[in-house]
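Okay, here's what each chain looks like letter by letter:
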Amino acid sequence: MLSIKKYPFKYKGNKNEKGVKRVVERIIRDVSKRGDDAIVYWTRKFDCPEFKREDIIVGEFKPHIEPEMEPLINNLIKRIEDFAKAQIQGIKKKIELNSCSQIFIPVQRAGIYVPSGKAPLFSSLLMSAVPAKVAGVEEVYITTPPDKENRISPYILFCAKILGIKKIFKVGGAQAIAGMAFGTETIPKVDIIAGAGNKYVQKAKKLLFGTVGIDTIAGPSEIVIIADDHANPEFLAWDLLSQAEHGEDSMAILITPSSNLAKNVKRYVENIISSFPKMEPIKKALKKNGGIILVKDLEEAFSLSNEIAPEHLSLQIKEPEEKWLNLIKNAGAIFTGDYSPVTIGDYWAGPSHILPTGGTCRFLSLLSVRTFLKEISIISFEKEEFLKAMDNVIALSEKEGLFAHAESIRVRGKYERNK
């Protein structure tokens, strides 16, 4: 179930990419041609057999949830909002150099995809929509799949209500992404799509990037834990299981130089799985993308982690984390110490839990306020500074063979000389 392997080890990730791509390409083509009719067809096929065209948009919603949940959700919103506001203060620090500056403009329309297949991930809605709101996005929309009875979770509806989101579209999967990218008769075309989702959702985002902006590739969950003899094996076992719980495509890997720790964690995992119900999806994930990898030392552990480039990297080691942070090149988010499990980041810490997966954190970052902002440079040369730069710009333009570029400079110089 959770095998112990020795280094060198090559993580191969999830396969069957070609099959996923073929399905998603077909859905995208259909939505681009048939709009709402295609949305209805694919929603009936994958989510709700009785789905109708008029079901695409959710009408007025008055959600009811347990009273004790309301303050919890409001507290979480405040934590995410406070962190996002702190981010934007750093981002918008004014830069002025050589008669140039920059401004940040929010996108006008953002579409938030909220997964709801195995469970309604209303926390993912908050982790996406709150930074969009803080960034100043004017129109924020939600798409989320209906269940078999054509319903949406009251928690998703409640969060949308609290955030002031006016429109929710009862659509999931690749068809939701295509609908927001192209626009349909009912679903508006957006500027950027954000949010987590399964491999079909993420493949659609990847294929449609360029037609629409995307936040990151936030697919099946991943965790790599680097731990030594200091670590509590029961903590590690539950941390691995908690990420495998997201689905059978999830990845859960422990890297350690301690064979004793490896054996203890394996034993804990097996005991937990045999003692608790509803563990079948977790068992499948561990068999497919789980493992404990023995390395000779922590340096080798960090090297392997950088190769894997995990969404979540957990450090549960005795030595101060600062010593090791400079060895980390690739990770979506880093969790340091015994009492910073990934679940804290999922539900309470403040930074968004929408993170790059599938090795894409080699070049992508987590969702944040910056996701929804466009950085625009402003060039404001005065005449005197232009005249100083004129000969240099003409020489550079002519060296590249761009005659009109050079003349756009030269004509201004002539004008000033002839005044």
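Every value quoted in this text rests on a predicted model; they were computed, and no experiment measured them.

Trainee: Lay out the pairing of strand β5 (residues 139–143) in plain terms, naming residues and giving numbers.
Mentor: Counting buried positions along β5 yields 4 of 5 residues, so the element is predominantly enclosed. For strand β4 (residues 109–113) and β5, the ladder comprises 5 bridges, and the chain directions are parallel. Following the sheet pairing, G111 is matched in β5 by Y141. Following the backbone out of β4, through helix α4 (residues 122–135) and into the adjacent parallel β5, one traces a crossover that is right-handed. When β5 meets strand β6 (residues 167–169), the two strands line up parallel, connected through 3 bridges. Among the inter-strand pairings, Y141 is bridged to a residue of β6, identified as K167.

Trainee: Describe helix α11 (residues 298–308), naming the residues involved and giving the relevant values.
Mentor: Taken across its 11 residues, α11 has 8 buried, putting it largely inside the fold. Of the surrounding elements, those touching the buried residues of α11 are β9 (222–227), β10 (251–256), β11 (290–294), β12 (312–316) and α12 (322–325). The distance from a side-chain oxygen at the start of α11 to the backbone nitrogen of E299 is 3.3 Å, and the residue carrying that oxygen is D297. Positioned one or two residues after α11, A309 has a phi angle of 55°, which is positive.

Trainee: An account of empty space enclosed by the protein is needed here, citing residue identities and associated values.
Mentor: A complete count under the given rule lists 1 cavity of 30 Å³ or more for this structure. Here the largest cavity is characterised by a volume of approximately 40 Å³. Along the walls of the largest cavity sit I80, F83, A84, Q87, P131, G350, P351, S352, L367 and S368, which together make up its complete lining. The element that contributes the greatest number of residues to the lining of the largest cavity is helix α3 (residues 69–91), accounting for 4 residues. Along the lines of polarity and charge, the residues of the lining of the largest cavity split into 6 nonpolar, 4 polar and no charged.

Trainee: Tell me about the layout of surface pockets, residues and numbers included.
Mentor: What the largest pocket holds in volume is close to 1300 Å³. Around the largest pocket, the lining is made up of 47 residues, and of these P115, K118, L121, N198 and H246 lie nearest the centre. Of all elements in the fold, only α4, α6 (173–182), α7 (199–208), α8 (233–244), α10 (280–289) and α13 (342–347) reach the threshold of two or more residues within the lining of the largest pocket. Within the lining of the largest pocket, the residues separate by chemical class into 19 nonpolar, 19 polar and 9 charged.

Trainee: Before we move on, can you summarise unusual backbone geometry with the specific residues and values?
Mentor: For residues besides glycine, phi is generally negative; the peptide bonds are generally trans as well. Even without glycine at this site, N98 takes up a positive phi of about 50°. Checked against the element boundaries, N98 lands in the loop between β2 (96–97) and β3 (100–106). Note on N98: relative accessible area 54%, which makes it exposed. Of note in the backbone geometry, A309 takes a positive phi value of approximately 55° without being a glycine. Looking at where A309 falls in the secondary structure, it is placed in the loop between α11 and β12. For A309, a relative accessible area of 0% translates into the label buried.

Trainee: Any details on the sheet that holds β4? Residues and values, ideally.
Mentor: One open sheet accounts for 5 strands, arranged β6-β5-β4-β7-β8; its pairing is parallel. Either end of the sheet is taken by a strand with one partner, and the two such strands are β6 and β8 (213–214).

Trainee: Tell me about a nonpolar patch on the surface, residues and numbers included.
Mentor: On the surface, L72, I344, Y347 and W348 cluster together to form a nonpolar patch covering roughly 370 Å² of accessible area. Note on placement: L72 falls in helix α3. For L72, a relative accessible area of 44% gives the class partly exposed.

Trainee: Which residues make up the side chain of T371, and what values do they have?
Mentor: Along the chain, T371 falls in the loop between α13 and β14 (373–379). Here T371 is in contact with I192, D215 and L366, once residues within four sequence places are set aside.

The rules behind each value
Residues numbered from 1 in each chain as written. Predicted model: local features only at pLDDT ≥ 70, side-chain atom pairs only at ≥ 80, totals over all residues. Heavy atoms only, no water. Buried < 20%, exposed > 50% of the residue type's maximum accessible area, 1.4 Å probe, protein only. Helix = DSSP H or I, 4+ residues; strand = E, 2+ residues; numbered from the N terminus. Pairing = 2+ DSSP bridges. Right-handed = clockwise from strand over helix to strand, strands pointing away. Contact = heavy atoms within 4.5 Å. Polar contact = N/O pair within 3.5 Å; in protein donor to acceptor, adjacent residues only side chain to side chain. 1 Å grid on protein atoms, 1.4 Å probe; cavity = no way out; pocket = protein on both sides within 12 Å on 5 of 7 lines; lining within 4 Å. Points joined across faces, edges and corners; volume = space filled by probe spheres on them. Nonpolar A, V, L, I, M, F, W, Y, C, P; charged D, E, K, R; others polar. Patch = residues over 30% accessible without salt bridge, like charges linked within 9 Å, V, L, I, M, F, W, Y side chains within 5 Å. Areas by Shrake-Rupley, 256 points an atom, 1.4 Å probe, with all protein chains shown as cover. Salt bridge = Lys/Arg side-chain N within 4 Å of Asp/Glu carboxyl O.

Take it as geometry only, folks, not as evidence of what the structure does.
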